[in-house]
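Per-entry structural report
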Amino acid sequence: MDFTYDDEQVALRDAVRGLVGKAYADFEQRRRTVADDPGFSEKVWAQLAEMGLLGLPFAEEDGGVGAGPVEIGIVAQELGRVLAPEPYLTSVVLAGGLVSAAGTPEQRAEVLGALSAGERVLAFAHDEEGSRWSSAATAVTATRDGDTWTLSGVKEPVPHGARADLLVVSAALPDGGTGLFLVDPAGAERTGYRTYDGGRAARVVLESTPATPLGAPGQDLESTIATVQDIGRIMAGHEALGAMEVALAATTSYLTSRKQFGVTLNTFQALTFRAADMYVSLELAASLVQWATMVLATGDAARTADAAARAALQVSRASRHVGQEAIQLHGGIAMTAEYSVGSFAAHLSALDHLLGDGQFQLSTLAARVADHRALDPLETSVG
Amino acid sequence: MQLELSPEDQAFREEMREFFTTKFPQEIRDAVIAGRELTKEQHVESQQTLNAAGLAVPHWPEEWGGRGWSDLQRHLWTEEMQAAAVPVPLAFNANMIGPVLAQFGSQELKERFLPPTANLDIWWSQGFSEPDAGSDLASLRTTAVRDGDDFVVNGQKTWTTLGQYGDWIFTLVRTDPDVKKQAGISMLLIDMTTPGVEVRPIELIDGGHEVNEVWFTDVRVPADLLVGELNSGWTIAKFLLGNERVGVAPVGTTKRVLAQAKEYAGAQLDDPFTRARFVELENELLALELTALRVVAHSEGAEPHPASSVLKLKGTEIQQAVSELVLDLAGPAGLASGDGSGVPEWARHAAPTYLNLRKASIYGGSNEIQRQIIARTILGL
Ligand SMILES: Cc1cc2nc3c(=O)[nH]c(=O)nc-3n(C[C@H](O)[C@H](O)[C@H](O)COP(=O)(O)OP(=O)(O)OC[C@H]3O[C@@H](n4cnc5c(N)ncnc54)[C@H](O)[C@@H]3O)c2cc1C
């Protein structure tokens, strides 16, 4: 049991912090970057690739680095600290993660190699009308004609769907279950837009669009999607931790500098106690996220699913608490687009709704509450 | 104690409901229901429709268009208006400067300003806050120096809501720098087209432009635009801010949004957690509405009831919680925006609305300041 980073992990953290810290040290720079399409910096994306960060989760034979969840979490957390708009979570962790988990060796080498090199941005096209974080697809359907497959239906919102060079699309299979497909976006109609946290998403309309099955044709990959979503939840948790840390730091620093009634705001105990409560929320969330990351590293999908839900529940509660309080304790200034704190709250909210919010996790966990008597985080298997 | 409304109040309520739901422009109500931002023209049309029916400023003194209603009737008027998705009269006009002029203004000021204020022929902005004078309003620095028949105004106001539409701005200015800070403040009315007035937009986190900075450089303001006595601005401001707090718990609006949210929820209402959240919020809202009724049933005269701080505090918290519920109902679809999206309009507005409503617990006397008022003036702490 060790919750600390080893020397290499510390070095990785410092390197990532150095890179994105420089790119986005100035909040104005981030504002300019998200104002223009594609909503992130292609230059920073290339630098992340150069540092080997885009290939971190993938096997070396697929063109990746073969690092573990702790390292991926470190990257996510550092990106969260500066609200880096690059699509690491959606392109690398989710879309790349699916290709890594389900693709044939050829598909993995081709797609993940290009992703790792920063040559291709991927998007996971999964959300459908009313689908609410399900691991199955129903509205987009796959049709088979001999060896050729086509997809029809609408995916929305697809994070970074307009910029993506390749779509990983989930679809209902003719014989039941949910399959995954690689889709050249040239065959789809895409309408991109800005999301409320400065990101990008798109509506993707597929009409008998040619698609290549990911992995064995016709295979039901719902449980693979669920596992990759769990990994995404844990990594989104890291990103949220980074954002919360900085939102809290901005708040404490504001409380010690902003003067009203002739004194700095930290003179008012009511406010300092609320900052203290934000810290409590953050620390509890950090513990669960780090624990879930270690559970993920064991490779046990059932335990990971449980840990991801628990971490996501805690992070959801903490992100709302920290995001809302950060604005409130700043007062009006935090409502402005020019000041960073509101953007932190907006991004925390977007992360919270990406893969299932607190209530969703609560429902998931509540359905299983009778399965255990007491929780033991050090147990090696669930049940 | 008695539960029912009297037959007169019941009839009054029905009359209000009938007007708001059948005689008011439907497109404006639809825009409010959809959560769309209203245009200036829509605000003006809305208030002029109400004013023509004697429903824009019923709480003003009768000689200036007031109706002499009881506090309960005023409450029913507001609730029915909000329930019908009719935009309430512009607060700066109807609840702030109007009552202030009626109470403190000279006869000339009343005659000149009150009728166009009621009819929104003049759009007022509130110029109180400054960068270093937020919760601590009395530390404001914008100065007005007497020069012949004019005051010369220099300084900067900020957070001026809808200042881009403003024709006139009512300001607090420092007219005596040498006394205790509350004692050297006056209220001045300033025509925003006067040379030296500059309005600069501020972009908010929901992407909208509803607040501004207003800069004053050697702005000459005729001295007869002073409201009340010189250096009596603080008393006037306290009167105004007290009024601001009264209308600030939008129970009717929140009730309407919560009811709409059940439609948005659709099949999600099968989830017991979702149901529980609705029930919790409905109950809190019920408690708030009943508290508002207790307050109006008890309040005598113009002095706001001290418990109005409870209404502001709780009203804004519930309003924010309902916006959070709506955002959660939108779920992953809440990321969608813009015209090219196929996601329903309410879901596209959910996140910007949630972010925008963070302001409700900050302005109009922040919720911390309300707690301070409760602790001090009610609990004697
Ligand atoms: C969207 C928006 C619209 C607005 N519209 C207008 C307008 O039209 N006209 C206008 O004049 N003003 C307007 N305001 C300004 C508003 O009234 C101020 O923002 C408000 O008074 C708070 O001041 P501040 O933002 O400077 O925060 P601060 O006063 O700096 O407060 C920061 C934090 O400290 C807390 N705090 C401050 N003092 C104390 C204390 N003594 N004890 C405990 N906690 C304390 C506050 O509650 C807050 O949480 C608007 C503000 C917003 C956000």
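Structural notes, computed from the coordinates. Everything numeric here is computed off the predicted structure, so don't read it as measured data.

Analysis parameters
Residues numbered from 1 in each chain as written. Chains lettered and ligands numbered in written order. Predicted model: local features only at pLDDT ≥ 70, side-chain atom pairs only at ≥ 80, totals over all residues. Heavy atoms only, no water. Helix = DSSP H or I, 4+ residues; strand = E, 2+ residues; numbered from the N terminus. Buried < 20%, exposed > 50% of the residue type's maximum accessible area, 1.4 Å probe, protein only. Contact = heavy atoms within 4.5 Å. Lys, Arg positive; Asp, Glu negative; His and termini not counted. Charge placed at Lys NZ, Arg CZ, Asp CG, Glu CD. Salt bridge = Lys/Arg side-chain N within 4 Å of Asp/Glu carboxyl O. Patch = residues over 30% accessible without salt bridge, like charges linked within 9 Å, V, L, I, M, F, W, Y side chains within 5 Å. Areas by Shrake-Rupley, 256 points an atom, 1.4 Å probe, with all protein chains shown as cover. Buried area = accessible area lost by both parts, 1.4 Å probe. Polar contact = N/O pair within 3.5 Å; in protein donor to acceptor, adjacent residues only side chain to side chain. Axes fitted to C-alpha atoms, helices over the stretch in contact; angles between N-to-C directions. Parallel < 35°, antiparallel > 145°, perpendicular 65-115°, else oblique. Left-handed = near helix turned anticlockwise from the far one by under 90°. Nonpolar A, V, L, I, M, F, W, Y, C, P; charged D, E, K, R; others polar. Pairing = 2+ DSSP bridges. Near = heavy atom within 4 Å. Expected span 1.5 Å × (residues − 1). Core = buried A, V, L, I, M, F, W, Y, C linked by side-chain atoms within 4.5 Å.

Here we come to the overall build of chain B. Assigned secondary structure in chain B consists of twelve helices and eight strands. In terms of overall dimensions, chain B has a C-alpha envelope of 70 × 50 × 45 Å along the principal axes. Each of the 381 residues in chain B was classed as buried or not, and the buried ones make up 52%. Pairs at least 24 apart in sequence give 71% of the contacts found in chain B among residues at least 6 apart. Here chain B holds 33 positive side-chain charges and 53 negative ones, and the gap between their average locations is 4 Å.

So, about the pattern of salt bridges. Inspection of the entire model under this criterion finds 42 salt bridges over all chains. Put simply, A:R320 and B:E324 hold a salt bridge, and the shortest N to O gap is 2.9 Å. With A:R320 in helix α9 (residues 301-330) and B:E324 in helix α10 (residues 308-330), this residue pair bridges two chains. Side by side, A:R320 and B:E324 carry an identical accessibility label, which is buried. Residues B:E284 and B:K314 are paired through a salt bridge, measuring 3.4 Å at the closest nitrogen-oxygen approach. Here the residue B:E284 occupies a position in helix α9 (residues 272-298), and B:K314 occupies one in helix α10, the gap between them amounting to 30 residues. A relative accessible area of 37% places B:E284 in the partly exposed class. A cluster of three or more residues bridged by salt bridges with shared partners is formed by A:R274, A:E325, B:E284, B:K314, B:E317, B:E368 and B:R371.

It is worth spelling out a nonpolar patch on the surface at this point. On the surface, A:M1, A:F3 and A:L378 cluster together to form a nonpolar patch covering roughly 370 Å² of accessible area. When its relative accessible area of 39% is taken as the criterion, A:F3 is described as partly exposed.

By a frequent convention, interface size equals the accessible area lost on bringing the separate parts together. Of the residues lining the interface, 46 residues belong to chain B; the matching set on chain A comes to 43 residues. For the chain B and chain A pair, buried surface summed over both sides reaches about 3,500 Å², with 58% attributable to carbon and sulfur atoms. Summed over the three residues of chain B that lose the most area to chain A, namely B:I205, B:P332 and B:L335, the buried surface amounts to 21% of that side. At the boundary of chain B and chain A, one finds five salt bridges. Put simply, B:E368 and A:R274 hold a salt bridge, and the shortest N to O gap is 2.6 Å. Applying the counting criterion to the chain B and chain A interface returns 26 residue pairs in polar contact (both at pLDDT 80 or more).

Further remarks concern the packing of α10(B) against helix α11 (residues 345-356) of chain B. Residue and element names in this part refer to chain B. Two elements in contact, α10 and α11, have axes whose closest approach is 8 Å; the angle formed by their N-to-C orientations is 140 degrees. Here α11 runs oblique to α10, going by the angle between their axes. For the pair α10 and α11, the crossing hand works out as left-handed. Two secondary-structure elements touch here, α10 through S323, E324, V326, L327, L329 and A330 and α11 through W346, A347, A350, A351 and Y354. Partitioned by chemical class, the residues of the contact of α10 with α11 number nine nonpolar, one polar and one charged.

With that settled, consider a negative patch on the surface. There is a patch of like negative charges on the surface, built from B:E63, B:E108, B:E111, B:D149 and B:D224. Along the polypeptide, B:E63 turns up in the loop between α3 (40-52) and α4 (71-83).

A few words now on the pairing of strand β3 (residues 150-157) of chain B. Residues in a regular strand project their side chains so that they alternate between the two faces of the sheet. All names here are of chain B. By the criterion of burial, β3 is predominantly enclosed, with six of the eight residues buried. Relative to β3, strand β2 (residues 143-147) runs antiparallel, the two sharing five bridges. Counterpart to T143 in the pairing with β3 is N154. Here β2 folds back onto β3, and the loop between the two strands holds two residues, one of which, G148, carries a positive phi near 65 degrees. Pairing of β3 with strand β7 (residues 211-222) involves seven bridges; the strand directions are antiparallel. Paired with D150 across the bridge in β7 is P222.

A separate point is the site of the ligand. In the vicinity of the ligand lie 30 residues, with A:Q328, B:S135, B:T161, B:S366 and B:E368 positioned nearest. Around the ligand the close residues trace back to chains A and B. Separating an oxygen atom of the ligand from a side-chain N or O atom of B:S135 is a distance of 2.7 Å. Burial of the ligand by the protein amounts to 95% of the accessible area it has alone, namely 970 Å². Mapped by element, the contributors of at least two residues to the shell around the ligand are α9 of chain A together with α12 (367-378) of chain B. At three residues, α9(A) tops the list of elements feeding residues into the shell around the ligand. In the shell around the ligand, the residues fall into 13 nonpolar, 13 polar and four charged.

Another point: α3(B). Residue and element names in this part refer to chain B. Over its 13 residues, α3 runs 18 Å from end to end, which matches the ideal 18 Å to within 8%, given 1.5 Å per residue. Those residues of α3 that sit buried are Q42, V44, S46, Q47 and L50. Residues of α3 that are buried sit in contact with α1 (7-22), α2 (26-34), α4, α5 (91-104) and α6 (107-118). Two residues or fewer past α3, G54 is found with a positive phi of approximately 75 degrees.

Before going further, it helps to spend a moment on the nonpolar core. Residues and elements named next belong to chain A. In terms of nonpolar packing, the biggest core is built from 128 residues, with Y88, V168, L180 and M244 touching the most fellow members. In terms of residues, this core owes the most to one element, helix α7 (residues 222-257), which gives 14 residues. Apart from residues no more than four positions distant in its own chain, L180 is found in contact with L98, A102, F124, V168, V169, S170, T212, P213, L214, L221 and I225.

In this section: the pairing of strand β3 (residues 148-159) of chain A. Residues and elements named next belong to chain A. With five bridges joining them, strand β2 (residues 141-145) and β3 adopt antiparallel strand pairing. For T143, the partnering residue across the bridge sits in β3 and is T150. Following β2, the chain reverses through two residues before pairing antiparallel with β3; G146 in that reversal takes a positive phi of roughly 65 degrees.

This next bit is on the side chain of B:D9. All names here are of chain B. As for its placement among the helices and strands, D9 is situated in helix α1. The side chain of D9 sits in the buried core without any salt bridge; R13 is the nearest counter-charge, 10 Å away. Other than its neighbours up to four places away in sequence, D9 contacts L72, Q73 and L76.

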